[in-house]
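# Fold and contact review
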Amino acid sequence: NSQHWMEMRSGIQDAARRCQADIILLYPEDETKALQQKMMFYDLLAAEPDAILFAPCDSDDCKEMVESASEKGIPVFALDTRARDVELPYIGADNYLIGRLAAQRMTALLKDGDQVGIISGVKNQMSHVERIEGFLDQIEADGRLSVAGIRYADSDFKLAMEETKKLLSEHPSLGGIFSTSAVMGLGVIEECKAEFLSYNIDIVAVDTQDDALSAVRNGMLQGLVTQD
């Protein structure tokens, strides 16, 4: 339900055609539906594929599924998001570096002593966890800014608006907000517009989807970190 995942799907389908591979592509309704995804995983095992590419909704609940695949001799690769409770080969971006780059951009935008907030995706997805870790470490290493608070919006536009509203209420003097995805970043923008703070708060997000690029062009978004 986001441009990022639709582009991931297109890449998988294109590679499958070029490699003459057959694919079974399954996905839950959204990134929070870990149980639904788990049921899909076990259904997929029954088809006995040669390999499984797995982008976990819950990075802390992968071991049992991977062990079941291993019993059938099916290798599992973590795609886009790492597993945390089991070691898997990982295909994806360096999310820790993404967080550090976002913090570097934020530091360049703001003045010494400013506070920043974070709007993150699903709390137990390693892609978001690592982006936060990289951001916090870079902010601490630079020493010019401080992080006022982190709120979780499950990679959802409307929830990002709600959590931004709470963040701004708790910390009205925020100078910037880092969003760990573009979908949530657009929600942050919308709430800042509603609060008449569009040009008072610098917003940095992740992923270069079309509407986020438009937000950069019109000055609503001050930075994007992209994955190739």
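For the structure, see preceding data.
Now for a quick tour of the structure. Here the structure is a predicted model, which means the values were calculated and not measured.

### Re the pattern of salt bridges
Evaluated as defined, the whole model comprises 15 salt bridges. In this structure, E163 and R151 form a salt bridge, with 2.5 Å as the shortest nitrogen-oxygen distance. Of this pair, E163 sits in helix α6 (residues 157-170) while R151 sits in strand β5 (residues 146-152); the two residues are 12 residues apart in sequence, bridging distant segments of the chain. Each member of the pair, E163 as well as R151, carries the same accessibility label: buried. A salt bridge links K166 to E163; the shortest N-O distance between them is 3.3 Å. With K166 and E163 both in helix α6 and three residues apart, this pair spans about one turn of that helix.

### Thoughts on the pairing of strand β2 (residues 76-79)
On a regular strand, one side chain projects to one face of the sheet and the next to the other, so that they alternate. Note that strand β1 (residues 52-54) and β2 share three bridges and pair parallel. The partner of L53 across the bridge, within β2, is F77. Remark: the β1/helix α3 (residues 63-71)/β2 crossover connection has right-handed handedness. In terms of strand pairing, β2 meets strand β3 (residues 90-91) through two bridges, oriented parallel.

### Notes on the pairing of strand β6 (residues 176-179)
Both faces of β6 are covered, namely the face carrying G176 and F178 and the face carrying I177 and S179. Where strand β4 (residues 115-120) and β6 come together, four bridges link them in parallel fashion. Within the sheet, the bridge partner assigned to I118 lies in β6 and is F178. Bridge analysis of β6 against strand β7 (residues 202-206) gives three bridges, and the strand direction is parallel. In the sheet register, G176 faces β7, and the bridge partner there is D202.

### Focus: the nonpolar core
Of all hydrophobic cores here, the largest spans 20 residues; its most connected members are I119, I177, I189, I203 and L221. Counting residues per element, the ones that place at least two in this core are α6, α7 (182-194), β7 and α8 (210-217). Sort the elements by how many residues they give to this core and α7 lands first, with six residues. For I177, the residues in contact, after removing those within four places along its chain, are M106, G117, I119, T164, L167, L168, V188, I201, D202, I203 and V204. F54, C62, M65 and A78 belong to the second largest nonpolar core, which has 16 residues in total.

### A look at the packing of aromatic side chains
Under the criterion given, the structure shown has three aromatic pairs. Considering the side-chain rings of F41 and Y42, the 6.2 Å spacing of their centres and the 80° angle between planes classify their relative orientation as edge-to-face. The class for F41 is buried, based on a relative accessible area of 4%. Given the relative accessible area of 28%, Y42 is considered partly exposed. Each ring, one from F41 and one from F54, has its centre 5.1 Å from the other, and the planes form 65°; the classification is edge-to-face. Placement of F41 in helix α2 (residues 34-46) and of F54 in strand β1 is noted, with a sequence separation of 13 residues between them. For the pair formed by F41 and F54, the shared burial category is buried. Here the aromatic cluster, defined as three or more aromatic residues joined through ring pairs, consists of F41, Y42 and F54. It is K123 that lies over the ring of Y152; its NZ or CZ is 4.8 Å from the centre.

### Overview of the sheet that holds β5
The strand order across the open sheet built from five strands is β5-β4-β6-β7-β8, with neighbouring strands paired in parallel fashion. Of all strands in the sheet, those with a lone pairing partner are β5 and β8 (223-225), marking the two edges. Along the sheet, successive strands turn relative to each other by an average axial angle of 20°, direction set aside. Contacting β4, β6 and β7, α7 runs over the sheet at an angle of about 160° to β7.

### Quick notes on the side chain of S179
Tracing the chain through its elements places S179 in strand β6. By relative accessible area, S179 is classed as buried at 0%. Among the polar contacts made by the side chain of S179, one reaches the main-chain amide nitrogen of G185 at a distance of 3.0 Å.

Rules behind the numbers
- Residues numbered from 1 in each chain as written.
- Predicted model: local features only at pLDDT ≥ 70, side-chain atom pairs only at ≥ 80, totals over all residues.
- Heavy atoms only, no water.
- Salt bridge = Lys/Arg side-chain N within 4 Å of Asp/Glu carboxyl O.
- Helix = DSSP H or I, 4+ residues; strand = E, 2+ residues; numbered from the N terminus.
- Buried < 20%, exposed > 50% of the residue type's maximum accessible area, 1.4 Å probe, protein only.
- Pairing = 2+ DSSP bridges.
- Right-handed = clockwise from strand over helix to strand, strands pointing away.
- Core = buried A, V, L, I, M, F, W, Y, C linked by side-chain atoms within 4.5 Å.
- Contact = heavy atoms within 4.5 Å.
- Phe/Tyr/Trp six-rings, centres within 6.5 Å; stacked < 30°, edge-to-face > 60°.
- Lys NZ or Arg CZ within 6 Å of the ring centre and 35° of its normal.
- Axes fitted to C-alpha atoms, helices over the stretch in contact; angles between N-to-C directions.
- Polar contact = N/O pair within 3.5 Å; in protein donor to acceptor, adjacent residues only side chain to side chain.

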